[in-house]
Structure formats: C-alpha cells, structure tokens
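Examining the three-dimensional arrangement
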Amino acid sequence: MTRSPVSRNPEAAGADAADPAGAELVATLTARLGAVGVRTDPDVMATYSRDRLPLAPAGTPLAVVFPSSTEQVQDVVRACADAGVPIVPRGAGSGLCGGANALDGCVVLVLTRMNRIVELDPANRLAVVEPGVVNADLRAAVAEHDLFYPPDPASYDFCTIGGNLATNAGGLCCVKYGVTSDSVLGLEVVLADGSVLHTGRRTVKGVAGYDLTKLFVGSEGTLGVITRATLSLRPLPQAPGTLVAVFPDTADAGAAVTRIVGEGLVPSLMEIMDAATVHAVEQHLGTDLGGGTGGGTLLLCQSDAGGEAAERELDVLQRVCADSGASLVHATSDPGEGALLMQARRSVHPAIESMGRDLTDDVCVPRTRIAELIDGCARISADVGLRIVVNGHAGDGNMHPTVIYNHDDEFDRARSAFDAICELALGMGGTVSGEHGIGKFKQDWLARELGPVGLRVHRDIRRSLDPDGLFNPGSMFT
C-alpha cells in the first residue's frame, strides 16, 4: 500500500503536480491541523524520517504532522485512511531499531506536541499523561509528591512516554521494577477507523476482559496510535547506595551475577560493562573507572532500600563480589559519588559512538549465561575482524553487544556479526529483543523466534485491528 516517492518542492506543499492526490491530502491535513501542524519542507522531513539507528531503511514522507490533541490524531488517521496513505507514529526518535523510520509517501505522525501531564493523583498513585511527555520530566513532576515512575531508559532525559510505550522500553531499573508495561494501567488508542479505544482501568486490580493494554504496549505503532496513558506510580525510593566491582575476567563477573541472584538479592540496579566498554567510557570521560587495577569487566549495583536494609544489601553484594574474584570492590552511600558512577554507565552509548560507526544489538539471555554471551561475542568479533563491545543490564540478562565499524565496505561484516549475536542469544534460550523492539531491522529474527504459528497469530491480530495495513507497515513483520 506504500506510495511511490513524490518530488519535494517547498512551494508545492509537499506534493508536485504529478501527485494531485498527495497534494489534496496535504491540503486536508493542513485544514484540520493548521499550518503549524503540517510540515513538508525537505529539511524537516529528513529530520523526522528516521530514528537513531542509521542503518535501517528509511524513505521520504509525503508530510510530517504534529497533532496537539486526540481529536487531531483522529482527523489525521481518517484522512490518511481515505487516501490510502500509511502512517508512521513517532515520538522523540530515540529508538534503536528503525521502528519509527518513514516510508516513501507516508505521513509521519509526530506526537511530541501532545506533552501534557493531564492528571496526577497522589492518593491513588497514578498519573494520566499524553505520549509526548518526556520520561525525565514525568519523573521530576511525580517526585514533588514523593512518588516515583520507575521505567528509565538510558535516554530518559529526552525520550518520550509514547515511544517508551510503543517499544515497551526497559532501562537500568528493570531488575527491581520491571519494564514499561509493568507500570501501565490503561491506554487511550486511536484505531485505524479513527475510533477511540479505552483499555485497562484506574484501579490496582482488574481482570475484566482480555488484557488489551499489554497488547498495545510494545506493538511499535502497528495496531493503533496511543494518545493517552494511565500510569502506576510507586513511593519515592530512598537515595541509593552504590557499589562498583572490577573483575579481571568476564567469567568471574558472570559468577558474581549468578551468586547475587542466588542470594535472593534484588538490587534496584545491576549493570555490567566488559573491558572494552570500560576503556571507551574512560577515554570519553577522562576518568579511571578501574581504580588503578588495569581494567577489566565492571559490575555496577545500587540499592534503594534505604537505611539499614540498604547497608545489609550492599554488604552482601561486596562479599559476593570479593568471593567471586573481584580485584576491586568499592561501596558508597554518598549520592554525589553514586551519581558520578551512574554518569559513567549512562555515557556508554556516546562513548561507543566516539569509537566509530556502531550497530547496537539488544538481546536477552538467562542471567546465568551472561558471561557465556560475552565470550561468544568475543569469538564473533574474531571471526568477522571487527571490534564488539558488550554492556547491559546484568540484573535481567538484557545485553547490548555493539559492533564497531568504520567504513561502508565493513557494513556487511557488521551486519553478519549482528545476526550471529542474535543466533547466539536464541541458542541460549534467550530472545532477540529485550527492550529496543524489532522495528525494520529484525523482522526475520522475530519470525524465527515466534515460529510459523506465532507469526500467523501476530498477523491475524494485526489484520483484525488494521485490515488495510495503515499503521507502520514494514515494522515488526511484513
């Protein structure tokens, strides 16, 4: 159903004389959203044509639209449905799987103008928000009421709630608090016919009907456009205590993770960085994370239990890491020192970007096999002749092996390594995506993971909600 590319002329409102249907649709959208809500100039459309994965395919949209209300989203959906033009929903574009990448002739639906916190109910610990609300802004707003919104992707200071919902984003605190879907009570969704569906509830418990809320969370904009979300909040945790441990080899770090889980500990954060990642961050920040040990695999943990409970948790973490062969173990209750260590973790992606072009994978394996995955990535690196650095969320087994390459002629080898990592993870009983989603880059791997029956059911669900393939065609599966 995708349209052929149209030539771009700013004076022609995004469609030339050879595409009168496109020009008519742009005119209709402008009449309903106003000139400020519809952009067709090439620079703007290029900006909104792709997310942060530069290698996934992206086309040239017919127009980029910026609705400011659910009613305007309905107007866009109905107009595009009448014209047979696909819609690609988009937030801040922080994704890493091409899930928000444009198709030739589509309409990119940008939801960042819908950025209101509609309701904050401290007594019932919930918030109702629009999709354009920035994750960090919501966190700051609820913290004023001693409340906490747990999902915290590494890009939390600029990614939006709508994008988090679309990909079922995770983050650094998943080990204790779960992924985005674990904090969602209900949704408002515009369907392919322009009608509005309300899912879920405002109560703590509720099992009436199918769980449509979880169906839409993680659907990557392929089933409908989320225009409002009711989110569950938690009491604000105590300021965390932080522990850093450096291990001379990956196996020892992996053994520590296994033992921590076996001890029954649930730290609020447990991150792992292999030696190559640690070196990249040290170069990027100009600091020494290894404390003069000469480097190695780094494990970073936090406890937000507070008071004596946090002290006991950190004591056990120190003992386990030391017994597992750590060459350095350091714990601190100083929030400033902890924040500096967290800055190192959140600097991983920009540090890796400074090394060259990067292709970031997102696989999840059983926590007991993290070391095996890292060692497997080292073998893949040797096989393809490219550097692979590995970091991720040790607490839940969600790892981010990243392939570094520097020339166009190395891309095929980088893609080969990327695929080999996915195969390695599946072979360990894992999954090909822990939090980034499938997008336009991993469709074949999703099909392999689901199997033919699972893929058929996915397609049947999608067809039942979007029979004409209006929403984000080409994402997740063809």
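Relevant structure appears above.
Residues numbered from 1 in each chain as written. Predicted model: local features only at pLDDT ≥ 70, side-chain atom pairs only at ≥ 80, totals over all residues. Heavy atoms only, no water.

Each helix and strand in the protein chain was counted, giving 15 helices and 19 strands. A compact globule built from 478 residues would reach a C-alpha radius of gyration of about 23 Å, and the protein chain, at 23 Å, matches this within 12%. By principal-axis analysis of the C-alpha atoms, the protein chain measures approximately 70 × 60 × 45 Å. Buried residues in the protein chain amount to 54% of all 478 residues. A total of about 19,100 Å² of accessible surface is found on the protein chain, and carbon and sulfur atoms cover 50% of it. Mean positive and mean negative side-chain charge positions of the protein chain (38 and 59 charges, respectively) differ by 5 Å. (Helix = DSSP H or I, 4+ residues; strand = E, 2+ residues; numbered from the N terminus. Rg over C-alpha atoms; globule rule 2.2 N^0.38 Å. Buried < 20%, exposed > 50% of the residue type's maximum accessible area, 1.4 Å probe, protein only. Areas by Shrake-Rupley, 256 points an atom, 1.4 Å probe, with all protein chains shown as cover. Lys, Arg positive; Asp, Glu negative; His and termini not counted. Charge placed at Lys NZ, Arg CZ, Asp CG, Glu CD.)

It is worth spelling out the nonpolar core at this point. Ranked by size, the top nonpolar core spans 50 residues in total, and within it Phe247, Ile272, Leu299, Ile370, Ile388 and Val403 carry the most contacts. Val26, Leu29, Val107 and Leu109 belong to the second largest nonpolar core, which has 24 residues in total. (Core = buried A, V, L, I, M, F, W, Y, C linked by side-chain atoms within 4.5 Å.)

Let us look at unusual backbone geometry. As a rule of thumb, non-glycine residues mostly have phi less than zero, and peptide bonds are mostly trans rather than cis. Located in the positive-phi region is Arg125, a residue other than glycine, with phi close to 55°. Despite not being glycine, Met476 has its phi angle at roughly 70°, a positive value. Mapped onto the fold, Met476 is located in the segment after helix H15 (443-465). For Met476, a relative accessible area of 10% translates into the label buried.

The full count for this structure, using the stated rule, is 18 salt bridges. In this structure, Asp41 engages Arg39 in a salt bridge whose closest nitrogen and oxygen atoms are separated by 2.8 Å. With relative accessibility at 25%, the residue Asp41 sits in the partly exposed group. The partner of Arg202 in a salt bridge is Glu119, with the nearest N and O atoms 2.8 Å apart. You can see Arg202 sitting in the loop between strand E9 (196-200) and helix H7 (212-216) and its partner Glu119 sitting in strand E5 (residues 117-121), a full 83 residues away along the chain. Since its relative accessible area comes to 28%, Glu119 is described here as partly exposed. In this structure, a network of salt bridges that share partners links the residues Glu119, Asp121 and Arg202. (Salt bridge = Lys/Arg side-chain N within 4 Å of Asp/Glu carboxyl O.)

For the coordinates displayed, the defined rule picks out 4 aromatic pairs. A ring pair is formed by Tyr48 and Phe66, whose centres lie 5.3 Å apart and whose planes are at 80°; its orientation type is edge-to-face. With a gap of 18 residues between them, Tyr48 in the loop between helix H2 (42-47) and strand E2 (63-65) and Phe66 in the loop between E2 and helix H3 (70-83) connect regions that are remote in the sequence. Residue Tyr48 is classed as partly exposed on the basis of its relative accessible area of 22%. By relative accessible area, Phe66 is classed as buried at 9%. Pairing Phe418 with Phe441 gives two aromatic rings, centres 5.2 Å apart and planes at 75°, and the pair type is edge-to-face. Taken as a pair, Phe418 in helix H14 (residues 411-427) and Phe441 in the loop between H14 and H15 lie far apart in primary sequence, 23 residues in all. Phe441 carries the same exposure label as Phe418, and that label is buried. (Phe/Tyr/Trp six-rings, centres within 6.5 Å; stacked < 30°, edge-to-face > 60°.)

Before going further, it helps to examine the sheet that holds E2. Taken together, 4 strands build an open sheet; the order of strands is E1-E2-E4-E3 and the sheet is mixed. Looking at strand neighbours, the two that pair on one side only are strand E1 (38-39) and strand E3 (87-90), the edges of this open sheet. Lying over the sheet, H3 contacts E2, E3 and strand E4 (107-110), oriented at roughly 170° with respect to E4. (Pairing = 2+ DSSP bridges. Contact = heavy atoms within 4.5 Å. Axes fitted to C-alpha atoms, helices over the stretch in contact; angles between N-to-C directions.)

Attention now moves to the sheet that holds strand E8 (residues 184-190). Strand pairing in a sheet takes place through backbone hydrogen bonds and is either antiparallel or parallel in direction. What the 5 strands build is an open sheet, ordered E5-E6-E10-E8-E9; its pairing is antiparallel. Where the open sheet ends on each side, the last strands, each with one partner, are E5 and E9. The mean inter-strand angle of the sheet, taken between neighbouring strand axes irrespective of direction, is 10°. Pairing analysis gives 4 bridges linking strand E6 (residues 126-129) to strand E10 (residues 225-232), with the strands arranged antiparallel. Paired with Val129 across the bridge in E10 is Ala229. Packing against the sheet, H3 makes contact with E8, E9 and E10, and its axis sits at approximately 45° to E8. On the sheet, helix H4 (residues 135-143) packs against E5, E6 and E10 and is oriented at approximately 35° with respect to E5.

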